[in-house]
Amino acid sequence: YEAPVPRDIFEEEKKSVDALVTIRNTCDKFHRVVKQLRSRYSDRNTLDVNDEYDVQDLLHSLLHLDFEDIRAEDWVPSNAGKSTRVDFVLKNEKIIIEVKKTRRGLAAKEVSSQLIEDIHRYQSHPDCKTLVCFVYDPEERISNPRGIERDLSKDEDGFKVKVWIRP
């Protein structure tokens, strides 16, 4: 005999899946938004996405379209004597979003290494059942983005990792 699973667990799972679909859609279209921002009426000033902080600022703004409680730069418990901050926590959805932007000196090998460290570190965060790693790669410095996504994405012991690399 197997006891029925409480209904709220199914609802929590569905909410998490819906949130992931929404976040993925935002990441998938992120580059289009960046390109559109460059094309302003009468050559008005715009937000240039030059570094990781610019990516974070724009992504944070876009997340507000679909999420109410977005916590920026939340602390992660110390791991091996090193504390760090996550970029965004969606507390209700139990999702952490980590943002990277490729640049000279931060391509496939370095990004993969940083993400492996992040994955290990964020598993201990009390509000994280899913870690989304969004790597913005507008210059396409990563030659095999789908390979890195497959190698680093996982679903083990109630902890999911989704890696999305987008130009």
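None of these values were measured; they are calculated from a predicted model.

## A word on unusual backbone geometry
Phi angles above zero are rare outside glycine, and Glu140 is one such case at about 55°. Tracing the chain through its elements places Glu140 in the loop between strand 4 (130-136) and helix 4 (145-152). Glu140 gets classed as exposed once you look at its relative accessible area, which sits at 55%. Positioned with a positive phi, Asp157 is a non-glycine residue whose angle comes to about 50°. Relative to the helices and strands, Asp157 resides in the loop between strand 5 (154-156) and strand 6 (159-166). According to the relative accessible area criterion, Asp157 is exposed, its value standing at 84%.

## Details of the state of the cysteines
Applying the stated criterion to the full structure yields zero disulfides. Its sulfur unpaired, Cys133 is 9.0 Å from the next cysteine sulfur, which belongs to Cys128. Taking the relative accessible area as the measure of exposure, Cys133 reaches 0% and is therefore buried.

## With respect to the packing of aromatic side chains
As enumerated under the stated definition, the model contains three aromatic pairs in all. Aromatic side chains Phe30 and Phe134 sit 5.2 Å apart centroid to centroid with 70° between the ring planes, which places their arrangement in the edge-to-face category. Pair noted here: Phe30 is in helix 1 (residues 7-38) and Phe134 is in strand 4, with a separation of 104 residues, a long-range link. By relative accessible area, which is 0% here, Phe30 ends up buried.

## Here we look at helix 3 (residues 108-122)
With 15 residues, helix 3 should reach 21 Å at 1.5 Å per residue; the first-to-last C-alpha distance of 21 Å fits that figure. Where helix 3 is concerned, the buried positions are Val111, Ser112, Leu115, Asp118, Ile119, Arg121 and Tyr122.

Cut-offs applied
Counting of residues starts from 1 at the beginning of each chain's written sequence and follows it residue by residue. Since the coordinates come from a predicted model, pLDDT governs what is reported: local features require at least 70, and pairs of side-chain atoms require 80 or more to be given and counted, while whole-chain, interface and lining totals use all residues. Each side-chain value is worked out from all heavy atoms of the structure, with water and hydrogens disregarded. What counts as a helix is a DSSP run of H or I of at least four residues, what counts as a strand is a run of E of at least two, and both are numbered from the N terminus. Using a 1.4 Å probe on the protein chains alone, a residue whose accessible area is under 20% of its type maximum counts as buried, one over 50% counts as exposed, and one in between counts as partly exposed. Counting rule for disulfides: a pair of cysteine sulfur atoms within 2.5 Å. Pairing of aromatic side chains requires ring centres within 6.5 Å, counting the rings of Phe and Tyr and the six-membered ring of Trp. Pairs whose planes differ by under 30 degrees are stacked, by over 60 edge-to-face, and all others tilted. Every helix has an expected span of 1.5 Å times one less than the residues it contains.

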